[in-house]
Each structure stands twice: as structure tokens, then as C-alpha cells.
Amino acid sequence: MIPIDTIDKLETIWRSVSSLGSELDEQQWKLPTDLAGWTVQDNLAHLIGTERMLQGLPSAATPESVGEHVKNPIGHFNEAEVEARRARSGAEVLAEWNALVELRLETLRAADDDYFAKAMATPTGPGTMADFLNIRVLDCWIHEQDMRRAVGKPGHLGGPAAEHTVDRLLRTIPIVVGKRAATPEGGAVIIDITGDVTRRVVCEVNGGRAAIVETAAREPLATVVLDSEAFIILATGRRTAVMIGERIGLSGDEILASKVVGNLNMMI
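For clarity, every value in this text was computed on a predicted model and none was experimentally measured.

Asker: Now, about the packing of aromatic side chains: what can you tell me, with residues and values included?
Answerer: What the rule picks out here adds up to 2 aromatic pairs. Ring plane angle 85° and centroid distance 6.2 Å describe the contact between Trp 14 and Trp 97, whose orientation is recorded as edge-to-face. Here Trp 97 lies in helix α5 (residues 90–110) and Trp 14 lies in helix α1 (residues 4–21), a separation of 83 residues in the sequence. Between the aromatic rings of Tyr 115 and Phe 116, the centroid separation amounts to 5.1 Å while the plane-to-plane angle is 90°, which identifies the pairing as edge-to-face. According to the relative accessible area criterion, Phe 116 is buried, its value standing at 2%.

Here it is as C-alpha cells:
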């Protein structure tokens, strides 16, 4: 099936990024973001690189050296695309982005079922083009927010793309609650997300495995309350819980709750 909903979300994000970029001057393009070694412009260059790859366009040459923030092969690919555009102005990179967005949307809107069913490697393992695009919604929206925080222009924190991203990241909560925070057998933790995207997640450990459930069998051991942007910041490793502690509420077993909050980052 053609993932029309996914394409619609991508278009919304891409248009929002373009709109944000149209408001920035060169100094703002060069501001640092929460991603080590990357400016606002670098985030957009990264988005360009991945979309060029999905479009079947040539990749940038691998740089001779990379910064210490590059930790893995995916990071090397990303850095090549970023480095290839560092000498350009923000306006030049934005122009490339805007042209690429039109090309990508033309391709996606015209593609057939076979295109989206094509087998390919995705950031989470073997999948299809449709699977990869579903992940792209998360990645593109997260980088839009990286750019917005850096320039002090909040926006697009709610809506389908934001909800999609929060829901994908919530899939990792059983790993956090069970394995990382070592919640004891029979225990449950509640995570209340407020603000632009609201979610209430109950995660319980039974038979040595943590899982999201409708209702805890016993009184939950701990509760974490935080707004959806704070959740995104922690779940993507942009900042630590200490850095945004004023946006996080803990109750019940606060030691356990702190372990949950301190282990939300699931990004490689």
C-alpha cells in the first residue's frame, strides 16, 4: 500500500523546515545545536544527505578526518554530507533543500506500490522503503526541533508528525523500565506526557519482562511527569535530565523514577 499518511507528514515537516529557514540570517544558520559539532545549517545538510540517498542521487565524498562526535559508520555517512556543505552559506543550503523537497515529493506522490515495498536496510534493521520513510518522519521532525531550539523559534511541537515521533519513541519504554532502570518483578512505572502531545504510559514487569499495559496490577512504584518536548529531548539524547530538571516531576519511588528518566535516551 502507498503510505499516503507518511508522505503527508513528511511534506508538513519539510515545508515547516523551509519556512523556518526563510526566517534565518547567516549568523543564526551558524549557531550550535544540541548535537555535538553540528550547527543549525549542519542539521539541514544532514537532512539533505539522507533524502539525496533515498532519491538515488550521488553521496558526498568521505572526508579525510571527522570530529570526535562521530561514533559509527552511520555517523561517518552523515558527516560527509554535512562537511560537503559547511563552506556554503545557509541561504545556499536552504535553496538546495527547497529544490530537493520538490523533487522528493514529486517522486513520492507518483510512486507505485512496488516502490514502497522495495526491500532495503533501515536505521532499525531490514525493512522496506515504506518502513524507512516512517522512520524519516521521526528523524526529520527531531532535526527540525533541533534547529528551532537553537535559534529560539519554537513551533510545530504538536500535530501528526509530533505525535508520530512520540509514539515511535515510546516503543522503547519497556527496555528503559525493565532492563535499564531494573524495575523489580511485579512493579510498574507510569510516564505521563503533557503539553503539545499527551500520552499516559503504564509499563509493568512480569515474568522478567517489561511491557506496556492498560492498567497496572498493583499500585505503580513510581510516576514520571514531563512535557512532550522534554520527553523528546531526553529520549533523543539531546540533553540530560539534570539540564532540564525543572520540567520533570517525580513521585513514588524517586530513585527508580530517576533511573527511568536518566535512561530514556535510545538514539545511537
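There is more to say after this.
Asker: Which residues make up the pattern of salt bridges, and what values go with them?
Answerer: Summed over all chains, the structure comprises 25 salt bridges. Across the salt bridge formed by Glu 229 and Arg 247, the nearest N and O atoms sit 3.0 Å from each other. Of this pair, Glu 229 sits in helix α10 (residues 228–235) while Arg 247 sits in the loop between α10 and β7 (248–252), and the two are 18 residues apart along the sequence. Where salt bridges share partners, they join Asp 8, Glu 11, Arg 15, Glu 102 and Arg 109 into one cluster.

Asker: Could you give an account of the pairing of strand β4 (residues 199–206), naming the residues involved and the relevant values?
Answerer: As defined by bridge partners, strand β3 (residues 188–194) adjoins β4 across 6 bridges and the pair is classed as antiparallel. Across the sheet, residue Ile 193 finds its bridge partner in β4, namely Arg 199. In sequence, β3 turns back onto β4 through a hairpin of 4 residues, with Gly 195 there showing a positive phi of about 95°. Direction of pairing for β4 relative to strand β5 (residues 209–213): antiparallel, over a ladder of 5 bridges. Across the sheet, the residue bridging to Asn 206 is Arg 209, located in β5.

Asker: An account of the environment of Asp 196 is needed here, citing residue identities and associated values.
Answerer: Relative to the helices and strands, Asp 196 is located in the loop between β3 and β4. C-alpha of Asp 196 to C-alpha of Leu 35: the two residues are 161 residues apart in sequence and 23 Å apart in space. Those residues within four positions of Asp 196 in sequence are excluded, and the remaining contacts are Leu 157, Gly 158 and Ser 228.

Asker: Could you give me a rundown of the sheet that holds β4, with the residues and numbers involved?
Answerer: To summarise the sheet geometry, strands pair through backbone hydrogen bonds and adopt either a parallel or an antiparallel arrangement. Taken together, 5 strands build an open sheet; the order of strands is β5-β4-β3-β6-β7 and the sheet is mixed. A single partner strand is all that each edge strand has here, and the edge strands are β5 and β7. Across the sheet, the mean angle from the axis of one strand to that of its neighbour is 20°, orientation sign disregarded. Judged from the 5 bridges that link them, strand β6 (residues 222–227) and β7 form a sheet pairing that is antiparallel. Considered in β7, the bridge of Val 224 is made with Leu 250. Against the sheet, helix α8 (residues 160–170) engages β3, β4 and β5, with an angle of about 10° to β4. Sheet contacts for α10: β3, β6 and β7; angle to β6, the most-contacted strand, approximately 105°.

Asker: Describe the packing of α8 against α10, listing the residues and the values that go with them.
Answerer: The geometry of α8 relative to α10 is characterised by a closest axis approach of 11 Å and an angle of 50° between their N-to-C directions. Between α8 and α10, the crossing angle belongs to the class labelled oblique. Where α8 crosses over α10, the two elements pack in a sense that is left-handed. Facing Thr 165, Val 166, Leu 169 and Leu 170 of α8, the residues of α10 in contact are Phe 231, Ile 232 and Ala 235. Residues that form the contact of α8 with α10 fall into these classes: 6 nonpolar, 1 polar and no charged.

Asker: How would you summarise the side chain of Glu 79 if you had to cite specific residues and measurements?
Answerer: Along the polypeptide, Glu 79 turns up in helix α4 (residues 73–83). Here the side chain of Glu 79 touches Trp 38 through a polar contact of 2.9 Å, side chain to side chain.

Reading the values: the criteria
One numbering rule holds for all chains: residues counted from 1, following each sequence as written. Confidence filtering applies because this is a predicted model: local features only for residues at pLDDT of at least 70, side-chain atom pairs given and counted only at 80 or more, and all residues used for totals across whole chains, interfaces and linings. Note: side-chain values were computed over all heavy atoms of the structure, leaving out hydrogens and water. Pairing of aromatic rings covers Phe, Tyr and the six-membered ring of Trp, with a centre-to-centre limit of 6.5 Å; geometry is then stacked below 30 degrees between planes, edge-to-face above 60, and tilted otherwise. Put simply, DSSP marks the helices as runs of H or I at least four residues long and the strands as runs of E at least two long, and each gets a number from the N terminus on. Residue exposure (1.4 Å probe, protein chains only): buried if accessible area is under 20% of the type maximum, exposed if over 50%, otherwise partly exposed. By definition, a salt bridge exists where a carboxyl oxygen of Asp or Glu is found within 4 Å of a side-chain nitrogen of Lys or Arg. DSSP calls a pair of strands paired once it identifies at least 2 bridges connecting them. Here, two residues are considered to be in contact whenever any of their heavy atoms come within 4.5 Å of each other. The axes are straight lines fitted to the C-alpha atoms, using for helices just the contacting stretch, and the angles between their N-to-C directions are given from 0 to 180°. What sets the label is the angle itself: under 35 degrees gives roughly parallel, over 145 gives roughly antiparallel, 65 to 115 gives roughly perpendicular, and the rest give oblique. Left-handed describes a crossing whose near helix is turned anticlockwise from the far helix through less than a right angle; right-handed describes the clockwise counterpart. Throughout, the ten residues Ala, Val, Leu, Ile, Met, Phe, Trp, Tyr, Cys and Pro are labelled nonpolar, Asp, Glu, Lys and Arg are labelled charged, and all others, Gly among them, are labelled polar. Counting of polar contacts relies on pairs of N or O atoms within 3.5 Å, with two restrictions inside protein: one atom must be capable of donating a hydrogen and the other of accepting it, and residues adjacent in sequence are counted only when both atoms are side-chain atoms.

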